[in-house]
Amino acid sequence: MTALVNGMSAYASREREEPIAAFVLSLISGLLILAGSGLVMSFSGQLSSYYYGGMMGGHYGMINGYYGMMRGFGFGGMWFYGLAAIGIISGIIILVGAIMLYNQPTKTSTWGALILAFSIVSFFGMSGFFIGAILGVLGGILAITWKRGVSLTPSKSPRAFS
């Protein structure tokens with residue numbers, strides 16, 4: 001039992017050398033973008049197999065549906081699927097970038113640039129309720145500007161003014 005306690009205290013006192021804030025923001029961003037895009041894709045009928053609405057609405061309704069007689073969303077809603085697909089792809093790439101950011105802290109600028117680029121792309125897709133894209137931009141910027149060895153804990157060097 002003492003070894004476990006000593007092991008945990010040694011782990012807790014060890015300084016982390018990963019960009020934790022950038023990782024967490026990017027991970028949340030990727031999950032939000034995936035969730036938002038997945039919801040849009042499922043509600044737009046591409047992933048769902050059942051019928052929404054009736055004669056006047058829904059996906060196959062005569063007046064207001066995506067595939068109805070009046071063409072409610074211009075091109076029958078196909079651009080809607082394309083934007084959702086862009087969001088899903090962006091979310092997956094942001095998640096991979098966040099995981100690699102944590103696993104390879106020596107390449108933070110590369111993964112940060114990837115996260116930043118696909119967070120900006122996700123603004124054009126379904127951007128994770130908008131907050132997902134903003135968190136991704138912040139996470140990418142934090143990853144690009146992160147420096148190894150910079151600590152938020154107070155310095156252990158003697159004070160200049162004692």
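Refer to the structure printed above.
In this report, the structure presented in the accompanying data block is examined. (Residues numbered from 1 in each chain as written. Predicted model: local features only at pLDDT ≥ 70, side-chain atom pairs only at ≥ 80, totals over all residues. Heavy atoms only, no water.)

1. Some details on the overall build of the chain
This is how it is decided: A run of H or I in DSSP becomes a helix once it reaches four residues, and a run of E becomes a strand once it reaches two; helices and strands are each numbered from the N terminus. Exposure classes here rest on a 1.4 Å probe applied to the protein chains alone. A residue is buried below 20% of its type maximum, exposed above 50%, and partly exposed in between. Note on definitions: a residue-residue contact is assigned when non-hydrogen atoms from the two residues lie within 4.5 Å. All accessible-area figures derive from a Shrake-Rupley calculation using a 1.4 Å probe, and residue coverage is judged against the displayed protein chains alone.
Helix and strand content of the chain: five helices and zero strands. Tracing the chain from N to C terminus, the helices and strands come up as α-α-α-α-α. Relative to its full complement of 162 residues, the chain shows a buried share of 33%. Nonlocal contacts in the chain, meaning residues at least 24 apart in sequence, comprise 62% of its contacts between residues at least 6 apart. As displayed, the chain offers around 10,000 Å² of accessible surface, 73% of which is attributable to carbon and sulfur atoms.

2. Re the packing of aromatic side chains
The condition is simple: Aromatic contacts are taken between Phe, Tyr and Trp rings whose centres are within 6.5 Å, Trp giving its six-membered ring; a plane angle under 30 degrees counts as stacked, one over 60 as edge-to-face, and the others as tilted.
Scanning all chains against the criterion turns up two aromatic pairs. Where Phe-23 meets Tyr-102, the ring centres are 4.8 Å apart and the plane angle is 35°; that geometry is what we call tilted. Separated by 79 residues along the polypeptide, Phe-23 in helix α2 (residues 20-43) and Tyr-102 in helix α3 (residues 78-103) bring together distant segments of the chain. What makes Phe-23 buried here is its relative accessible area of 18%.

Structural measurements only, silent on function.
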